[in-house]
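# Coordinate analysis (summary)
Listed below are the residues making up each chain.
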Amino acid sequence: MRISDFQARVYRAASRIPRGRVTTYKLLAAAVGCRSPRAVGQALRHNPFAPEVPCHRIIRADLTVGGFVGEEQGPLWQRKVDLLRREDVLFRRGVLIDAARLYNPAL
DNA sequence: ATGATGATTGGGG
DNA sequence: CCCCAATCATCAT
């Protein structure tokens, strides 16, 4: 499969999220000039460069974990939580504990 | 070109 | 909790 121009832009923007920080689909969408956070999730879902391109650092606007490789629960989804755990990004009942870890890629 | 499908979001009952 | 519309890249028809 080929990487579309849109995917390239999303991956480049995602790569700017520092280790130990997270951003939301909405903010990342804004960063690439797209008004569909859902379309961004679509691109991240097919990220062939994980975890180099840290698609695990994108969560929902309500600060809940969100999906991963098309899953919202289960082993693959758990992988997202584990990757973040290694970066000291923790969740309580599925919700990000420290909101200060949010990163705005638009800056 | 047309319709369906998402790693979403915000609003409503 | 569930349902719905808006949004848009991508893929199937």
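The structure we're discussing is the one just above.
Sequence positions are assigned chain by chain, starting from 1 and proceeding in written order. Here the convention is simple: chains get letters from A, ligands get numbers from 1, in the order in which they are written. In view of the model being predicted, local features appear only for residues whose pLDDT reaches at least 70, and side-chain atom pairs are presented and counted only at 80 or more, with totals across whole chains, interfaces and linings using the full set of residues. For the side-chain quantities, the full set of heavy atoms in the structure was used; hydrogens and water were omitted.

## Some details on the protein's contact with DNA strand B
For clarity, the cut-off: Being near a molecule or strand, for a residue, means having at least one of its heavy atoms within 4 Å of it. N or O atoms within 3.5 Å of each other form a polar contact, as long as, within protein, one can give a hydrogen and the other can take it, and as long as residues adjacent in sequence are counted only when both atoms are side-chain atoms. Elements are defined by DSSP. Helices are runs of H or I of four residues or more, strands are runs of E of two residues or more, and each kind is numbered from the N terminus. Amino acids are sorted into nonpolar (Ala, Val, Leu, Ile, Met, Phe, Trp, Tyr, Cys and Pro), charged (Asp, Glu, Lys and Arg) and polar (every other residue, Gly among them).
In the region of DNA strand B, 16 residues are neighbours, and Tyr 25, Lys 26, Leu 44, Arg 45 and Ala 61 sit closest. Each atom of DNA strand B within 4 Å of the protein belongs either to a base or to sugar and phosphate, the latter forming 50%. The separation between a base nitrogen of DNA strand B and a polar main-chain atom of Cys 55 is 3.3 Å. Contributions of two or more residues to the surface near DNA strand B are made by helix 2 (25-31) and helix 3 (37-45). The biggest single contributor to the surface near DNA strand B is helix 3, with 7 residues. Here the surface near DNA strand B is built from residues that sort into 8 nonpolar, 4 polar and 4 charged.

## Structural notes on the protein's contact with DNA strand C
Neighbouring residues of DNA strand C: Met 1, Ser 4, Phe 6, Gln 7, Cys 34, Arg 35, Ser 36, Arg 38, Ala 39 and Gln 42. Sugar and phosphate atoms form 81% of the subset of DNA strand C atoms that lie within 4 Å of the protein. Side-chain polar atom of Arg 35 to a phosphate oxygen of DNA strand C: 2.9 Å apart, as the coordinates give it. A distance of 3.3 Å separates a sugar or linking oxygen of DNA strand C from a polar atom in the side chain of Ser 36. Mapped by element, the contributors of at least two residues to the surface near DNA strand C are helix 1 (5-14) and helix 3.

## Things to note about the pattern of salt bridges
The cut-off we apply is this: We define a salt bridge as a side-chain nitrogen of Lys or Arg found within 4 Å of a carboxyl oxygen belonging to Asp or Glu. Throughout, exposure labels follow a simple rule: accessible area from a 1.4 Å probe, protein chains only, divided by the maximum for the residue type, with under 20% read as buried, over 50% as exposed, and the rest as partly exposed.
Counting across every chain of the model gives 3 salt bridges. The residue Arg 57 makes a salt bridge to Glu 87 at a minimum N-O spacing of 2.8 Å. On the criterion of sequence distance, the pair formed by Arg 57 in the loop between helix 3 and strand 2 (58-59) and Glu 87 in the loop between helix 4 (75-85) and strand 3 (91-92) is long-range, its members being 30 residues apart. Glu 87 carries the same exposure label as Arg 57, and that label is buried. For Arg 60, the salt bridge is made with Glu 72, and the minimal N-O distance between the two is 2.9 Å. One end of the pair, Arg 60, is in the loop between strand 2 and helix 4; the other, Glu 72, is in the loop between strand 2 and helix 4, with 12 residues separating them in the sequence. With relative accessibility at 33%, the residue Arg 60 sits in the partly exposed group. Among the residues examined, Glu 72 registers a relative accessible area of 56% and is labelled exposed.

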